[in-house]
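Chain by chain, the residues:
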Amino acid sequence: MTLGTPVILSAIHILTKPLEASAHDAQSSHQEALLAVLRANRALLHERLQSDSVFEEVRRLREDVMAAAGWFDSDTEDAAWGFVQECFLLLLTLVRHLSAELELFQHTPAPSASRQRTPEMAPRLPPDVLGVGQQQTLGAALQFVVSLGLCPYLATGVGVPLGRRSAFGAMVDKLIRGGPAPAAGRRLFTTTTVLLQLAELSSLATLVFTRHLGDVLAALCQLGYQPCRTERSGTQERKELSAEECQTCKEALKSLVGKVYQPMMIKELLILQGGPKQSGAGGSSRGPSSRPASGSAPTWLKRLCGQLLSQLLMQPKGVQAVVRAILEGGTGGDSDWRKCDCVARILVTCPQQSASADTYYRQVCHQILDLLHFKDKLTAQQHQRVATRAVLFMVQGKPGMAQQYLLTPLLRPLHYCTAAPNEGHFQAAVEEWELTRCMDDVYKIWVVGNSPSAPLLEALDPVLPVMFSLFCFTKQNVSHLRAPCQEILLWYLRHAETPAALSALQRLSGLRGQENDVAADVHFTPGSDGGARLSPRERCSEEDDALYEKLSGEQWRLECLIHLLAELKDCDLPGDFFLDLLQELAGWAAATDEDEEDEPELCVSTMTLLEVERRLLAPSSRRGQRLALLQVLAVMVDCLPHTVLLRRTSQIVDFLMSMLQRALVGLDQAPGPNLGNPVESETLRMGMGVVATLLSGPEISAEDYSSMSRLLPPLESLSQKHRDVVIQELATDLRAVIASHGAYRPEDFPAVAPPSGNPETTVKNNGVPSREKPDMQTEANASAISPPSSRPDGNSPSNRHPASSGRSAARLSPKAGTSGTRSLNPPTKPLSDWLLEACDPEVPTRAYALRVLTQMVQNKNPEAVQAQEKVLVLFLENLEHDDSFVYLSAIQGLFALADSYPERILELLLKDFQHGPSLPTSNTERSLESRLKVGEVLMRASRAMGELAAHLGRPLIVVFLRGTRDPDQSVRASSLSNLGELCQKLDYTLGPLAQELSSCLTALIKTEKEAEVRRAAVHVITLLLRGLGDKTTQVLGDVLLDLYRALKWVVRSDPDDVAVLHAQLALEEIDDVMRKFIFPEQKLEKKIVVLP
């Protein structure tokens, strides 16, 4: 900055600084005082310019500017306008001086290179850089120019009036508008021209546009676009500017709109378009008195601002500029969310100035999607809210445009996954960032937006198989895409119509082929940032490997689908899907024999080869579909609890309806009157027991009876056609109770709740609260009803009753209406009867008896205590049973015995675990399976030992350590699992065995070939560290380093991912232990020390 710049700024300061308070007449107004100050400052400036030699250069430059200015009027009597003209001259003098200095600076060569330059040396500053004080001086001058020379000459409704800005502005506005009528248009044009000349210099443009952009815009709009008025006075005012001057203002406005920071420009245009209303008092203008008093923006200004805003919106990044203009500076509160909704509605509304709606949405929609990808937290929340609401508004209002320009581009990466390569090569893999962005966008719009509609659901439906395949892939790896995939799939299944959701589940389960799934030649692979990418698949050279990969993939997909269904536990969809599959299974069972009987012989002569192939492959295809259906049903029944599958009474009724229909199909297909399947008969009795339990509920509504009325036709058919007399009578009784809505009940019908509904007569031993809904009784409960019902229908003639009423009562007795040993309330039978029933060939009867015996052992029943030898042998025999219901009950019984009589029972179990079953009747071929079941008993016993582990655990440790050298890998893994459970309980007792235990585990980790055994060995270390906790350094101090090195070896070298995961968990335990050891928790304690 040269010496001339401070002098010019000093002159400006003289002109704009407030003078000391002078004595004015008490009756003089504020306006008169202001005019007096303006005249005094102007006179003082003229005096200093003439008398002070410092201002000689300023005076010369001012005279040059005055000579070139055609707008200067030295004879004006308007003190305010004269003051504004003086500001113009000094400001333009400063511009001329800075421009000359800047040009000289640009052409002056840099200092000599020989001069030493250090990194601390700052670069040369250009001469137009102003200090803070100088900027304040210029800002004051600009404020005078705008307040006295621009705002008073704006038309009503154009810009923000001075009266609404401050009290001083209201006084200035009243002062200017109260004088004689000037050439308002000419003065406004002069002020705007001078401000634009100032803005040509970058350092001054910042001051002008950051503080007065709205006023400059208002002036340019009025000068260039205000239409001619019909009034005479208005016409004269409008004719003050020529057509060339108006065109200059239009071009200046266009240049300014494209040059200024877009959010700032949009904000000012929105304010200008709004046109705040002015009060009637401030409506009197210095211009024509016929102007309307209303302060709303005129129509021509609103239309002009709308055109400019539309142009800015349709420019590149125009949507982002609009959002920033409205939301910038927000705090994220409720008002900001309402602003986001308003902005979203603005974006999806096509402006009238647009050529066509298609053009507008083509240019804007992709910018809306770009709003979803901001990283800054607060900005991202606001922009994502705007984008989400805009998409949802557009889907509701213009679904066609939304599908074409929003949903299809957003889902394009997922659609690419379904396109199989037609040529021999894959055109372009879907990169990780594309899939990640796509899933994040879908999650934000569908799940976070949470506004279900038909277009959204229809757009998501074709890509569901691809998304499910991606979810299955992420379940096999650690990926941040797992949660979004799961939430999106669950959102669709919850909000889609039931038929559409069931159809989607059938596609995902593979029952409808691989429609819209990932192409066969590509697959998902892990990405470098924790995501996934689509890559070409390498073909398996071996058919067996390809078949195994296909089958394992289908099994894994089914497990992932069951995981999704388990998450829908508060929804009826899993039950509806289960019943839909059962209905389809019943239809296939009825059509199987018809297809086989009606299969015509192929007439090959009249068919093409393709038709012959299709006809020959059709039966195998149907059988494959039936096998897939059975597999889905089996996995659902095995993995999903009954509370998910059958939540409502109507679903239980549908399930029973399907069961009865399958029974009728079996009756129709039976070849003879005496042939039948005992399993089907037993299942039918269970189902009818469930119906009886429902009818015995304390509160049965009319809707429940209406739902159960669908069971009347199959019950009637069973009562007439079934070969078993007992089932016939049961069907007859149930049909009568349902048809009469409980008004008729046979004498032998279970009286869980009588028809009168009196709660006092409710049976108390059924293990279910009296107010509990009947839909909580499920097929699992029915399995507990069958043991007493199986006795009359069993092979023992001594248990048969001559009367049918006795048979019905035995089958529908509610005494076994609960499952598990906790709530069993067994009848008063001698122990010998339960021992006989525990040998019954029917699985439900045997399992129920075993559970009763277990409860008797736990309750220290005297008979069970005396006959513990017989009970032990019985449990060991049933341990070798094939059915899981039986051998799990036997395992529970053996655990109860070991818990009650540990020393003797554990010794026997350890021998069986080490050498195989010792009973004479044991099957030596199944010795391995029996040993593993005994290992399960020992593991439960180890968990329950508690403080007795130090006394009873030494023999177990010896046997488990020997088991780690067993030839069979399953026994080795079982021994290690039991060893880990036991070591958690030993505490300090483990000290003498620490060296031996460490050597065993370290050797297994480094030398064992089976991954399952290595996993178990590493898991033992994890459990050991977790059980010892803070005692680890004391108990394992000598071997802790060896264990740490073994774990690090697993992390670096073991090829098994699960073993590595276990090792990492163990290392985290060591890290926690050592942190607490090195940095113990600081405690404030008071200690009293008694000195000797």
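Residues numbered from 1 in each chain as written. Predicted model: local features only at pLDDT ≥ 70, side-chain atom pairs only at ≥ 80, totals over all residues. Heavy atoms only, no water.

Visitor: Teacher, can you tell me more about the pattern of salt bridges here?
Guide: Any two side chains of opposite charge can pair if their charged atoms end up close together. This structure, assessed with the given rule, holds 23 salt bridges. R385 is the partner of D341 in a salt bridge, and the nearest nitrogen-oxygen pair spans 3.4 Å. Residue D341 is found in helix α14 (residues 334–348), and its partner R385 is found in helix α16 (residues 377–397); the two are separated by 44 residues along the sequence. The partner of E549 in a salt bridge is R537, and the shortest N-O contact between them spans 3.2 Å. Of this pair, E549 sits in helix α24 (residues 543–567) while R537 sits in the loop between β2 (532–536) and α24, and the two are 12 residues apart along the sequence. A single network of salt bridges, built from pairs that share partners, joins R42, R62 and E86. (Salt bridge = Lys/Arg side-chain N within 4 Å of Asp/Glu carboxyl O. Helix = DSSP H or I, 4+ residues; strand = E, 2+ residues; numbered from the N terminus.)

Visitor: Where do I start with a nonpolar patch on the surface in this structure?
Guide: On the surface, a nonpolar cluster with roughly 380 Å² of combined accessible area is contributed by F1077, I1078 and F1079. Considering the arrangement of structural elements, one finds I1078 in helix α48 (residues 1057–1078). For I1078, a relative accessible area of 53% corresponds to the exposed category. (Patch = residues over 30% accessible without salt bridge, like charges linked within 9 Å, V, L, I, M, F, W, Y side chains within 5 Å. Areas by Shrake-Rupley, 256 points an atom, 1.4 Å probe, with all protein chains shown as cover. Buried < 20%, exposed > 50% of the residue type's maximum accessible area, 1.4 Å probe, protein only.)

Visitor: Would you mind going over the packing of aromatic side chains with me for this structure?
Guide: The relative placement of two aromatic rings is captured by the distance of their centres and the angle of their planes. Counting across every chain of the model gives 9 aromatic pairs. Ring geometry for F83 against F144: centres 5.1 Å apart, planes inclined by 65°, an arrangement best described as edge-to-face. Of the two residues, F83 is situated in helix α4 (residues 79–107) and F144 in helix α5 (residues 132–149); the sequence distance between them amounts to 61 residues. F83 gets classed as buried once you look at its relative accessible area, which sits at 0%. Between Y360 and Y361, the ring centres sit 5.2 Å apart and the planes meet at 70°, which makes this aromatic pair edge-to-face. Pair check on accessibility: Y360 and Y361 agree, each one buried. Three or more aromatic residues link up through ring pairs in this structure, and these residues are W71, F72, W81, F88 and Y153. Positioned over the ring face of Y225 is K250, at 5.2 Å from the centre of the ring. The ring centre of F393 lies 4.0 Å from the NZ or CZ of R345, which sits over that ring. (Phe/Tyr/Trp six-rings, centres within 6.5 Å; stacked < 30°, edge-to-face > 60°. Lys NZ or Arg CZ within 6 Å of the ring centre and 35° of its normal.)

Visitor: When you look at the environment of A419 in this model, what are you seeing that I'm missing?
Guide: Within the secondary structure, A419 sits in the loop between α18 (412–418) and α19 (432–448). Separated by 98 residues in the primary sequence, A419 and D517 place their C-alpha atoms 9.1 Å from one another.

Visitor: Is there a simple way to think about unusual backbone geometry in this case?
Guide: Residues apart from glycine generally show negative phi values, whereas peptide bonds are mostly found in trans. With phi around 60°, K317 is a residue other than glycine that occupies positive phi space. Position of K317 relative to the elements: it lies in the loop between α12 (299–313) and α13 (318–327). A positive phi angle is found at N450, which is not glycine, with a value near 50°. Within the element layout of this structure, N450 appears in the loop between α19 and α20 (454–460). Under the relative-accessibility criterion, N450 is labelled partly exposed at 43%.

Visitor: Quick question: what am I supposed to make of the packing of α19 against helix α22 (residues 482–495) here?
Guide: Between two packed helices, what matters for the description is the angle formed by their axes and the separation of those axes. Where α19 contacts α22, the axes come no closer than 10 Å and their chain directions differ by 40°. When the axes of α19 and α22 are compared, the crossing they make is left-handed. Along its contact with α19, which presents M439, V442, Y443, W446 and V447, the element α22 presents P484, C485, E487, I488 and W491. For the contact of α19 with α22, the class distribution of residues is 9 nonpolar, no polar and 1 charged. (Axes fitted to C-alpha atoms, helices over the stretch in contact; angles between N-to-C directions. Left-handed = near helix turned anticlockwise from the far one by under 90°. Contact = heavy atoms within 4.5 Å. Nonpolar A, V, L, I, M, F, W, Y, C, P; charged D, E, K, R; others polar.)

Visitor: Quick question: what am I supposed to make of the packing of helix α7 (residues 184–199) against helix α8 (residues 202–225) here?
Guide: Two elements in contact, α7 and α8, have axes whose closest approach is 10 Å; the angle formed by their N-to-C orientations is 145°. Seen along the crossing, α7 lies across α8 with a hand that is left-handed. Counting all contacts with α7, which are made through G185, L188, F189, T192, L195, L196, L198 and A199, the residues of α8 involved are L204, A205, V208, F209, V216, A219, L220, Q222 and L223. Grouping the constituent residues of the contact of α7 with α8 by class yields 14 nonpolar, 3 polar and no charged.

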